[in-house]
Number of protein chains: 2
Amino acid sequence: MPATASRPLRRDAQRNRERIVEAAREVFATRGFAATLDDVAHHAGVGVGTVYRRFPTKEALVEALFTERIAAMVALAEECLADPSAWDGLTRFMTAACRVHAEDRGLRDAMLSLGMKKRFPEAGDRMETVIVELVARAKAEGTLRPDFDATDVPIIFTMVSDIGGAGPQAYERYLRLVIDGLRVCSRNAPLGDPLTRDEVIVMLSGCVPAVRPRSATAP
Amino acid sequence: MPATASRPLRRDAQRNRERIVEAAREVFATRGFAATLDDVAHHAGVGVGTVYRRFPTKEALVEALFTERIAAMVALAEECLADPSAWDGLTRFMTAACRVHAEDRGLRDAMLSLGMKKRFPEAGDRMETVIVELVARAKAEGTLRPDFDATDVPIIFTMVSDIGGAGPQAYERYLRLVIDGLRVCSRNAPLGDPLTRDEVIVMLSGCVPAVRPRSATAP
DNA sequence: ACGGAAGTTGAGTAGTTCCCTCCGTTTAGA
DNA sequence: TCTAAACGGAGGGAACTACTCAACTTCCGT
């Protein structure tokens, strides 16, 4: 891997780059992947060309914006795995994830879209295994209903974060409702079979916007 | 109301009209309001022009397709209101509504989109009051948690029916999960304040596709 | 059997959105 | 001062979609 240590940016270019990243954070946070690079440029007070000079595609900008934040989410999940109470660990993770998704729709789209696996394969795998463990541990503890499945977690994230439009706190109410349905309770009706991973993928691809590719050339 | 009793359609035109309606039902059921009238025409084996001759706009077709079915949903809600068990009445209604939404995405879009109020104002009002009663009755019965609100019902419909992409049965699992969270239970965490009607409207407009107008002329 | 009204067709129009490029102009900094 | 780097933003081009229209076809009353 040849270190692409190109010469440092000119001072104005560096400043603009920072402006672009900051503007992108804001614009993506509110509009998600639906945000346009024209939006970002305008918000940053620079021309579109400048954005494309720094980030050759929208994809590149997305990667630059979210790599770090997704790693932080994985770290959080791992930290929750260490919670002495499995139930608290799982629900803390779910609550924190939903809050983050509500506050930053871009991060939501990055984590839940199909592109996740392509863009951040390592983080994605790690996240998946940690979620499996969080769920297994809470079932073993006897607090999480046994018919719940790890594949339900991203679906719940998607469902709940769709509420985002109604204000940043709105998700909380419905997440709580769902979490109250997660506890073992003698009156619970059985859930039946969980979704397969493929079904989850289909579902996410239908609900979470993708970065629209310039031209669709399927391999 | 001047009976627009124009002369009866020619036989071939009548047959085509029926084909169009049937094709539209199928296409809208799977693609929702995202379906194109070109899709419908193709599916019906006629030209687009024929569709537009019968239904001057997409709106008109939507109205023709869903007026009756929405009235049926209102009737169902009223029937559930007569259930001796308020809990069963409410959950039966919610389950039936979600099943219908899963089976016919067009009906879902018609019932949950903002256009509902403009297109079917009477049915919309009636539905709203019946839901309020269903919820009040179940709270009075002591089975529904008291911090639940009637405005939560359409939100739950939206959340759950978003799962539709993963197959027609997928919604069931998550609806059950949510319903299990609706029962009074000493371990339930308080939900806090419900969404205002305006917040509900914002949320729905963000999640449910509208019939795209020919040109955007905001009043 | 025929004339004309009703019906059909589908390429085309017009509006919109959005990713990205290009080139004439500006500016940092040696 | 001079040059390479950076900038701006109009516009290319592709995709999508609601809808139109002029040339053609079919029904049906007489």
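Here is what the cut-offs are and how they apply
- Residues numbered from 1 in each chain as written.
- Chains lettered and ligands numbered in written order.
- Predicted model: local features only at pLDDT ≥ 70, side-chain atom pairs only at ≥ 80, totals over all residues.
- Heavy atoms only, no water.
- Salt bridge = Lys/Arg side-chain N within 4 Å of Asp/Glu carboxyl O.
- Buried < 20%, exposed > 50% of the residue type's maximum accessible area, 1.4 Å probe, protein only.
- Least-squares fit on C-alpha atoms with pLDDT ≥ 70 in both.
- Contact = heavy atoms within 4.5 Å.
- Axes fitted to C-alpha atoms, helices over the stretch in contact; angles between N-to-C directions.
- Helix = DSSP H or I, 4+ residues; strand = E, 2+ residues; numbered from the N terminus.
- Parallel < 35°, antiparallel > 145°, perpendicular 65-115°, else oblique.
- Left-handed = near helix turned anticlockwise from the far one by under 90°.
- Near = heavy atom within 4 Å.
- Polar contact = N/O pair within 3.5 Å; in protein donor to acceptor, adjacent residues only side chain to side chain.
- Nonpolar A, V, L, I, M, F, W, Y, C, P; charged D, E, K, R; others polar.

Chain A is annotated in an unreviewed UniProt entry as DNA-binding transcriptional regulator, AcrR family of Paractinoplanes atraurantiacus.

Asks: Quick question: what am I supposed to make of the pattern of salt bridges here?
Replies: Side chains carrying opposite charge are able to pair once their charged atoms draw close together. Residue and element names in this part refer to chain B. Here the structure, examined in full by the defined rule, presents 30 salt bridges over all chains. Measuring nitrogen to oxygen at the nearest pair gives 2.5 Å for the salt bridge that ties Arg 31 to Asp 39. Residue Arg 31 is classed as partly exposed on the basis of its relative accessible area, which comes to 40%. Across the pair Arg 108 and Asp 109 runs a salt bridge, and its minimum N-O distance is 3.2 Å.

Asks: Quick question: what am I supposed to make of the relation of the copies chain B and chain A here?
Replies: Each copy superposes on the other: chain B lies on chain A with an RMSD of 0.1 Å after a rotation of 180° and an axial shift of 0.0 Å. Both chain copies can therefore be described as sitting about a two-fold axis. The C-alpha atom lying nearest the rotation axis in chain B is that of Gly 181 of chain B; the distance is 1.9 Å. Comparing contact sets, 100% of the residues at the interface of chain B also lie at the interface in chain A, consistent with an isologous, same-surface contact.

Asks: Would you mind going over the packing of helix α5 (residues 86-103) of chain A against helix α9 (residues 152-161) of chain A with me for this structure?
Replies: Residue and element names in this part refer to chain A. As a packed pair, α5 and α9 sit with axes 10 Å apart at the nearest point and diverge in direction by 40°. Classified by the interaxial angle, the pair formed by α5 and α9 is oblique. The chirality of how α5 crosses α9 is right-handed. Residues Phe 93, Met 94, Ala 97, Cys 98 and His 101 of α5 form the contact with α9, whose own contacting residues are Ile 156, Phe 157, Val 160 and Ser 161.

Asks: Just to check I follow, could you spell out the protein's contact with DNA strand D for this structure?
Replies: In the neighbourhood of DNA strand D, 24 residues make up the surrounding shell, with Arg 10, Asn 16 and Thr 50 of chain A together with Lys 58 and Arg 214 of chain B lying closest. Protein-proximal atoms of DNA strand D, defined as those within 4 Å of the protein, fall in sugar or phosphate at a share of 75%. Within the contact set of DNA strand D, a base nitrogen lies 3.3 Å away from a backbone nitrogen or oxygen of Gly 49 of chain A. Contacts to DNA strand D include Thr 50 of chain A, whose side-chain N or O atom sits 2.7 Å from a phosphate oxygen. In terms of residues, the surface near DNA strand D owes the most to one element, helix α3 (residues 48-54) of chain A, which gives five residues. Classifying every residue of the surface near DNA strand D gives six nonpolar, six polar and 12 charged.

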